[in-house]
Amino acid sequence: MKNEYLQTLSKERLIQLIEDYSKNWLAMDGVWFQSVERTSGMDEAMRHDAEAWRQFTVIEAKRIKQFLELPEHAGLEGLALALQLRFYANLNEADIIWANDKKSFVYRTRECRVQRARERKQMPLHPCKPVGEIEYAGFARTIDDRITCDCISCFPDVTDAECCCAWRFKLD
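The structure presented is a predicted model; accordingly, all values stated were derived computationally and were not measured.

### Observations concerning the side chain of asparagine 92
Right, on to step 1. Tracing the backbone shows asparagine 92 in the loop between α4 (75–83) and β1 (93–98).
Right, on to step 2. For asparagine 92, a relative accessible area of 12% gives the class buried.
Right, on to step 3. Of the polar contacts made by the side chain of asparagine 92, one reaches the backbone nitrogen of arginine 113; its length is 2.8 Å.
Right, on to step 4. Excluding its chain neighbours within four sequence positions, the residues that come into contact with asparagine 92 are Thr109, Glu111, Cys112 and Arg113.

Listed below in structure tokens is the structure:
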């Protein structure tokens, strides 16, 4: 039986609930990661994180693709739209910067909730580049298997100090 209470909520309340669900999801992701990090170290936590993202990013992309009714080859336009519906989209400040020829774009996370939380807790920054490569490339390939992803800047290899991470997507 579906949750009948949800049917009674206004659009504004539903949007607030989506934001809360996104925060809850991210909190759970951080809780398990930090548990492994504390007990087994960063390398072990990163190994499990990579495997979790290898699977989750495909699940998330498939559901978003279905929700948006995107075609098999949704192109960069489809990917740009899908990126805006990820859990992260409700939590992090991000930009999509199109190349002049429209054959690629850069997705930049200006503010990252994960890194800011680790800073507040006086923890070292999360070395997210290796997992980000799995996550963003897998998400893009699921939306359209012709899309490739390259890291421009991501901790620990920061090349753009004006953002937390930046990823270039292009259609091959």
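### With respect to helix α3 (residues 42–68)
Each full turn of the α-helix corresponds to 3.6 residues, which orients residues three or four apart in the same direction.
Right, on to step 1. With 27 residues, α3 extends 36 Å between its outermost C-alpha atoms, agreeing within 8% with the 39 Å of an ideal straight helix rising 1.5 Å per residue.
Right, on to step 2. Listing the buried residues of α3 in full gives Ala45, Met46, Asp49, Ala50, Trp53, Thr57, Glu60, Ala61, Ile64 and Lys65.
Right, on to step 3. Summarising the contacts, the buried residues of α3 are in contact with α2 (11–40), α4 and α6 (129–143).
Right, on to step 4. Just beyond α3, the residue with positive phi is glutamate 69, at close to 55°.

### Comments concerning the sheet that holds strand β4 (residues 165–171)
Right, on to step 1. Pairing in this open sheet of 4 strands is antiparallel, and the strands run β1-β2-β4-β3 from one edge to the other. Only two strands of the sheet have a single partner each, and these edge strands are β1 and β3 (147–154). Taken pair by pair, the neighbouring strands of this sheet meet at an average axis angle of 20°, ignoring direction.
Right, on to step 2. Pairing analysis gives 7 bridges linking β3 to β4, with the strands arranged antiparallel.

### Topic: the environment of glutamate 19
Right, on to step 1. One can find glutamate 19 in helix α2.
Right, on to step 2. Taking the C-alpha atoms as reference points, glutamate 19 and asparagine 90, 71 residues apart in sequence, are found 5.8 Å from one another.
Right, on to step 3. Residues within four places of glutamate 19 in sequence aside, it is in contact with Asn90 and Leu91.

### Describing unusual backbone geometry
Phi is mostly negative for residues that are not glycine, and the peptide bonds are mostly trans.
Right, on to step 1. Following phenylalanine 155, the chain continues into proline 156 via a peptide bond in cis, with omega recorded as 15°.
Right, on to step 2. Structurally, proline 156 is set in the loop between β3 and β4.
Right, on to step 3. Here the phi dihedral of glutamate 69 falls at roughly 55°; this positive angle occurs in a residue that is not glycine.
Right, on to step 4. Within the secondary structure, glutamate 69 sits in the loop between α3 and α4.
Right, on to step 5. For glutamate 69, a relative accessible area of 71% corresponds to the exposed category.

### Section: the pattern of salt bridges
Right, on to step 1. On inspection of all chains with the given rule, the structure shows 14 salt bridges.
Right, on to step 2. A salt bridge links arginine 54 to glutamate 51; the shortest N-O distance between them is 3.4 Å. With arginine 54 and glutamate 51 both in helix α3, this residue pair falls 3 residues apart, about one helical turn.
Right, on to step 3. Salt bridges sharing partners connect three or more residues here, namely Glu93, Asp95, Arg108, Arg110 and Asp160.

### A short note on the nonpolar core
Right, on to step 1. In this structure, Leu79, Phe105, Phe139, Ile143 and Phe169 are the most contacted members of the largest nonpolar core, which totals 35 residues.
Right, on to step 2. For this core, the secondary structure elements donating two or more residues are α2, α3, α4, β2 (104–111), α6, β3 and β4.
Right, on to step 3. Among the elements that make up this core, the one with the highest residue count is α6 (7 residues).
Right, on to step 4. If sequence neighbours within four positions are ignored, leucine 79 has contacts with Phe105, Phe139, Ala140, Ile143, Ile147 and Phe169.

### Some points on a positive patch on the surface
Right, on to step 1. Taken together, the side chains of Lys23, Arg38, Arg113, Arg120 and Lys121 define a basic patch exposed on the protein surface.
Right, on to step 2. Counting residues per element, the ones that place at least two in the positive patch are α2 and α5 (113–120).
Right, on to step 3. Given the relative accessible area of 64%, arginine 38 is considered exposed.

The rules behind these values
- Residues numbered from 1 in each chain as written.
- Predicted model: local features only at pLDDT ≥ 70, side-chain atom pairs only at ≥ 80, totals over all residues.
- Heavy atoms only, no water.
- Helix = DSSP H or I, 4+ residues; strand = E, 2+ residues; numbered from the N terminus.
- Buried < 20%, exposed > 50% of the residue type's maximum accessible area, 1.4 Å probe, protein only.
- Polar contact = N/O pair within 3.5 Å; in protein donor to acceptor, adjacent residues only side chain to side chain.
- Contact = heavy atoms within 4.5 Å.
- Expected span 1.5 Å × (residues − 1).
- Pairing = 2+ DSSP bridges.
- Axes fitted to C-alpha atoms, helices over the stretch in contact; angles between N-to-C directions.
- Salt bridge = Lys/Arg side-chain N within 4 Å of Asp/Glu carboxyl O.
- Core = buried A, V, L, I, M, F, W, Y, C linked by side-chain atoms within 4.5 Å.
- Patch = residues over 30% accessible without salt bridge, like charges linked within 9 Å, V, L, I, M, F, W, Y side chains within 5 Å.
- Areas by Shrake-Rupley, 256 points an atom, 1.4 Å probe, with all protein chains shown as cover.
- Lys, Arg positive; Asp, Glu negative; His and termini not counted.
- Charge placed at Lys NZ, Arg CZ, Asp CG, Glu CD.

Function cannot be read off these values alone, since they describe shape.
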